[in-house]
Amino acid sequence: MSSSAEIQNPILRGFNPDPSCVRVGEDFYIATSTFEWFPGVQIHHSRDLVHWRLLARPLNRASQLNLLGDPDSCGVWAPCLTHADGLFWLVYTDVKRYGRATVGGASGASLRDFHNYLVTSKHIDGEWSDPIHLNSSGFDPSLFHDDNGRKYLVNMLWDHRPGNNRFAGIVLQEYSVRERRLIGDRINIFGGTPLGFTEAPHLYQRNGWYYLLTAEGGTGWGHAVTMARSSNIDGPYELHPDTHILTSRHRPDAELQRAGHAALVETQRGETYLVYLCGRPLRNRGRCTLGRETAIQKVIWSDDGWLRTLEGRGIPTMTTPAPSLPIHRFPSLPAREDFDEPQLPMDFQWLRTPWPAEIFSLTARPGFLRLFGRETIGSLFRQSLVARRQQSHCLSAATVVEFEPQHFQQMAGLVCYYNSAKFHYLYLSRDPAAGKHLRVMSCLPDSPQSDAFTAPVAIAPGKPVHLRVEIDFERLHFGFRVQGVDDDWHWLPEQFDASVLSDEATAPGQPNFTGAFLGMACQDLAGTARPADFDFFEYQERSYRENPFSL
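Cut-offs and rules
Every chain is numbered independently, its residues counted from 1 as its sequence is written. Restriction of local features to residues with pLDDT of at least 70 applies here, the model being predicted, together with a cutoff of 80 or more for giving and counting side-chain atom pairs; totals for whole chains, interfaces and linings are based on all residues. To obtain the side-chain values, all non-hydrogen atoms of the structure were included, while hydrogens and water were left out. Strands here are runs of E lasting at least two residues and helices are runs of H or I lasting at least four, both read from the DSSP assignment and numbered beginning at the N terminus. With the radius of gyration taken over C-alpha atoms, the globule rule is written as 2.2 Å times the number of residues to the power 0.38. Exposure classes here rest on a 1.4 Å probe applied to the protein chains alone. A residue is buried below 20% of its type maximum, exposed above 50%, and partly exposed in between. Throughout, a contact is declared for two residues whenever any of their heavy atoms are within 4.5 Å. Under the convention used here, a 1.4 Å probe and the Shrake-Rupley method define accessible areas, while residue burial counts only the protein chains that appear. We treat Lys and Arg as the positive residues and Asp and Glu as the negative residues; His and chain ends play no part in the count. Here the site of a charge means atom NZ of a Lys, CZ of an Arg, CG of an Asp or CD of a Glu. The rule is simple: put a 1 Å grid over the protein atoms alone, call a set of points where a 1.4 Å probe fits but cannot get out a cavity, call an open set with protein on both sides within 12 Å along at least five of seven lines a pocket, and count a residue as lining if it has an atom within 4 Å of a point. Grid points are joined across faces, edges and corners, and a volume is the space filled by probe spheres set on the points. Each residue is assigned to one of three groups, with Ala, Val, Leu, Ile, Met, Phe, Trp, Tyr, Cys and Pro labelled nonpolar, Asp, Glu, Lys and Arg labelled charged, and all others, Gly among them, labelled polar. In the sections that follow, a salt bridge refers to a side-chain nitrogen of Lys or Arg positioned within 4 Å of a carboxyl oxygen of Asp or Glu. In this description, strands pair whenever DSSP reports at least two bridges between them. Axes here mean lines fitted to C-alpha atoms, for a helix over just the part in contact, with angles spanning 0 to 180 degrees between N-to-C directions. N or O atoms within 3.5 Å of each other form a polar contact, as long as, within protein, one can give a hydrogen and the other can take it, and as long as residues adjacent in sequence are counted only when both atoms are side-chain atoms.

Q: Please give an account of the overall build of the protein chain that cites residues and values.
A: A tally of helices and strands in the protein chain yields zero helices and 40 strands. The C-alpha atoms of the protein chain give 24 Å as radius of gyration, which agrees with the globular expectation for 551 residues (24 Å, within 12%). Residue burial in the protein chain is summarised as follows: out of 551 residues, 60% are buried. Considering only contacts in the protein chain between residues 6 or more positions apart, those separated by 24 or more positions represent 60%. When the accessible surface of the protein chain is totalled, it reaches about 21,000 Å², and 48% of it is carbon and sulfur. Counting 53 positive and 62 negative side-chain charges, the protein chain places the averaged centre of each group 1 Å from the other.

In C-alpha cells:
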C-alpha cells in the first residue's frame, strides 16, 4: 500500500499546462505543452501518482520542430501521449499564427495557422521519429487507439468565417498506419455546449461506450471539463447529466482556479484519476504568475455509467486520495546548478531556435554557461535567453556573470521573463556617461508606458558581478554585489511588480498561455556576438519573508 494517504495539488507546479496522461505497466507519464520554449513538450514520470520527475523533452531537433518566428504563446500546444503496438505515440500542434481572439465578425482577425503532427518512439526517453503532418484544421489533436485495431484523430475545428462560432466542434478522422496519413471523411462528432470554446478532445472506451472528454469555457476563469458519450465512435454523443464534470467557474473560493483541459488514466488496480489544467492566482492580485499548472483528482464511475468526482460536486481540490500503490520517491534536485556538464541541466530551456549552439555553449569555457549576445530580449528569432520555470510564489534566485560590455548595445544579466512583452531584466551594459553600469529594464503590459528603466548604477569593471532576485507573491526585489569589492548585497530601491509575469496582465486580444521564468540573458545589438559567462544559477523555493532582504 502507499505510505502517502493523499496527493498534494498541483502535482506539476509552474508552467505545465494541457496535460495528457498514460500508464504503461507500472509507470505513469504526463505530457504538457511548452509553446515557444525549446525543446518541445515536457514529459514527467511517476510510479505512484504522488511523486513526479521531469524525464524528457522529445522534440529536440530541427527536423522535428523549428519555432523561429512563432509568436508569443504559439508553438507547441496540447500534446497527446498514448501507447499502443509497442510504441509511444505523441501528437501535437505547432501554432504559427494566432491572429486575434474570437471576436465575432472581426474581418481578417481570426485567421490562424495550426499544424498537427505525429511522432513515435519505442522508448519514452529515447529518440523520437521525425514528424508526420496530419492536418491543419484546428488545434488540440488527440490520437485514439480503438479496441478493434483502428486509429482515429480528433481535434477541435477552427472556423475563421465572420459571424461563425470560431470553435466549430470536435472532428474525427481515421489514421492509417500503413499510409502514414489520415484517410476517409472528416466528421464533426460534437458541437459543444452553449458554454462554447469547445477544445481539448480525448476519446476513451469503456463497457461498450465511447467517452469524449473536452474542455470548454476558455482556458481562463470560465474553464470546465465536459463529458459526452456514444455507442458509435462517430456519434451522436449525449451529454453528461451534469454537463461539466469538473470546473471552478462558479467557485471563486476554490484555491485551484481555471480547471479544465483534462485527461483520464487508470491505475493497475482499476482506480481512475483525472489530470487537469489549473491555476493558483495571487490572493490580492488575481493573477497566475505560476502559469497554468497540472493537478490530479480521483474520480469514480457511477452506476449510471458516468464519471464523477468523489463528492459528486465537480470542484477541484488541493488534495485527493493517493492510489493503492507502493510509494516511489525521486532524488531531490540541487538548488544550485554549476554548469559543469556539457549538457544544459534538465530544468532549463531556451526560446524557439532548434540550433542552440548559436546562442549558448557549455564547452567554450568549461564550468560556465556562455551566452553569445544575439537579438533583443523581445526577439521572436535568435534570442540568447536560458531560463527555468518559476514554480513557487516565494523564492530566491541568484547568478554570477562575467561580462565586459564595450558599448550600450551590449547587455547581459538576470531576467524574470514571461514573454517578449512582459519581463523585468537586471542587466549590465556600458555607455559614455555611466561607464559600466547596472540597471533594470521592465516591459509592463498594464501600464500606459510599456517600457521602464531604472537609473544606472556604476559597476567596477573587470570583476564578476553577482545578481539576485527575491520574489514574494507580487513583490519583486533585485540585488547585486561585485565579487572582491562588496561584502554585502546592495538592493535596488525600487519594488517591482511580479504580477505582470502572468497570463492575466495583458493587452486585449493577445495570447497568454505560459508562465514566469527566471534565467540568464545576453544581447549584442551590434551583431558582434559578445559573450557573457555565467558560473552558476541558484533557485531556492522558500516561505514568505516579510523582510525580503533578510538573507
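Here the narrative resumes.
Q: Could you give an account of the layout of surface pockets, naming the residues involved and the relevant values?
A: Put simply, the largest pocket is a space of about 1,200 Å³. Along its surface, the largest pocket is lined by 35 residues, and R13, W52, R53, L333 and Q391 are the ones closest to its centre. Of all the elements in the fold, those that place two or more residues in the lining of the largest pocket are strand 1 (6-8), strand 5 (42-46), strand 6 (53-56), strand 28 (384-389) and strand 40 (531-541). The greatest single-element share of the lining of the largest pocket, amounting to four residues, is contributed by strand 40. Looking at the lining of the largest pocket residue by residue, the class counts come to 16 nonpolar, nine polar and ten charged.

Q: An account of the pattern of salt bridges is needed here, citing residue identities and associated values.
A: Across all of its chains, the model carries 35 salt bridges by this definition. Between R47 and D27 there is a salt bridge whose closest N-O contact spans 3.1 Å. Highlighted residues: R47 in the loop between strand 5 and strand 6 and D27 in strand 3 (residues 27-32), separated in sequence by 20 residues. With relative accessibility at 31%, the residue R47 sits in the partly exposed group.

Q: If you had to explain the pairing of strand 5 to someone new, which residues and values would you point to?
A: Most of strand 5 is tucked away, with five of its five residues classed as buried. Residues Q42, H44 and S46 point to one face of strand 5 and I43 and H45 to the other, with burial holding for every one of them. One ladder, built from five bridges, connects strand 3 with strand 5; its direction is antiparallel. Counterpart to F28 in the pairing with strand 5 is S46. Bridging between strand 5 and strand 6 involves three bridges; their strand directions are antiparallel. Within strand 6, the residue paired with H45 across the bridge is R53.

Q: Which residues make up the sheet that holds strand 7 (residues 75-84), and what values go with them?
A: Pairing in this open sheet of four strands is antiparallel, and the strands run 7-8-9-10 from one edge to the other. Each having just a single partner strand, strand 7 and strand 10 (132-135) make up the two edges of the open sheet. Neighbouring strand axes in the sheet, compared pairwise and without regard to direction, differ in orientation by 25° on average. Bridge count between strand 9 (residues 113-121) and strand 10: three bridges; the pairing is antiparallel. From the neighbouring strand, L118 faces strand 10, where its bridge partner is I132.

Q: Help me get a handle on the side chain of H437, residues and values and all.
A: Here H437 lies in strand 32 (residues 435-443). Given the relative accessible area of 2%, H437 is considered buried. Apart from the residues lying within four places of it in its own chain, the contact partners of H437 are Y427, L428, S429, R430, D431, P456, V457, A458 and I459.

Q: Mind laying out empty space enclosed by the protein, listing which residues take part and the relevant values?
A: Using the criterion set out here, one finds one cavity of 30 Å³ or more in the structure. Taken as a whole, the largest cavity spans an internal volume of roughly 40 Å³. A78, P79, C80, D140, P141, S142, A200, P201, H202 and H261 are the residues that line the largest cavity.

Q: Lay out the pairing of strand 28 with the relevant residues and their values.
A: A large share of strand 28 lies buried, amounting to six of its six residues. The pairing of strand 25 (residues 348-351) with strand 28 spans three bridges and is antiparallel. Its bridge partner lying in strand 28, Q349 is registered against A387. One ladder, built from six bridges, connects strand 28 with strand 39 (residues 517-524); its direction is antiparallel. Paired with V386 across the bridge in strand 39 is M520.

Q: Please give an account of unusual backbone geometry that cites residues and values.
A: In this chain, N9 is followed by P10 through a cis amide linkage whose omega measures -5°. Backbone geometry at S73 places phi at a positive 65°, although glycine is not the residue there. We note that H261 has phi near 40°; this positive angle belongs to a residue other than glycine. Relative to the helices and strands, H261 resides in strand 19 (residues 257-266).

Q: Go over the environment of R388 with me, naming the residues and quoting the values.
A: Topologically, R388 is positioned in strand 28. Residues R388 and Y539, 151 residues apart in the sequence, show an inter-C-alpha distance of 9.0 Å. Excluding residues that lie within four positions of it along the chain, R388 makes contacts with D347, F348, A516, F517, L518, F537 and Y539. Engagement of the side chain of R388 in a polar contact is seen with the side chain of D347, the distance being 3.3 Å. At a separation of 2.6 Å, a polar atom in the side chain of R388 contacts the side chain of Q391.

Q: Report on the environment of G40, specifying residues and quantitative values.
A: If you trace the backbone, G40 turns up in the loop between strand 4 (37-38) and strand 5. As for G40 and N66, which are separated by 26 residues in sequence, their C-alpha atoms are 9.6 Å apart. With residues near it in sequence (within four places) discarded, G40 still touches T34, R57, P58, L59, L65 and V76.

Q: Which residues make up the sheet that holds strand 15 (residues 199-206), and what values do they have?
A: The antiparallel open sheet is built from four strands, whose spatial order is 15-16-17-18. Two strands in the sheet have a free side with no partner beyond their single neighbour: strand 15 and strand 18 (238-247). Each strand axis lies, on average, 25° off the axis of its neighbour in the sheet, ignoring direction. Relative to strand 17 (residues 224-230), strand 16 (residues 209-216) runs antiparallel, the two sharing seven bridges. The partner of Y211 across the bridge, within strand 17, is R229.

These figures come from the coordinates and say nothing about function on their own.
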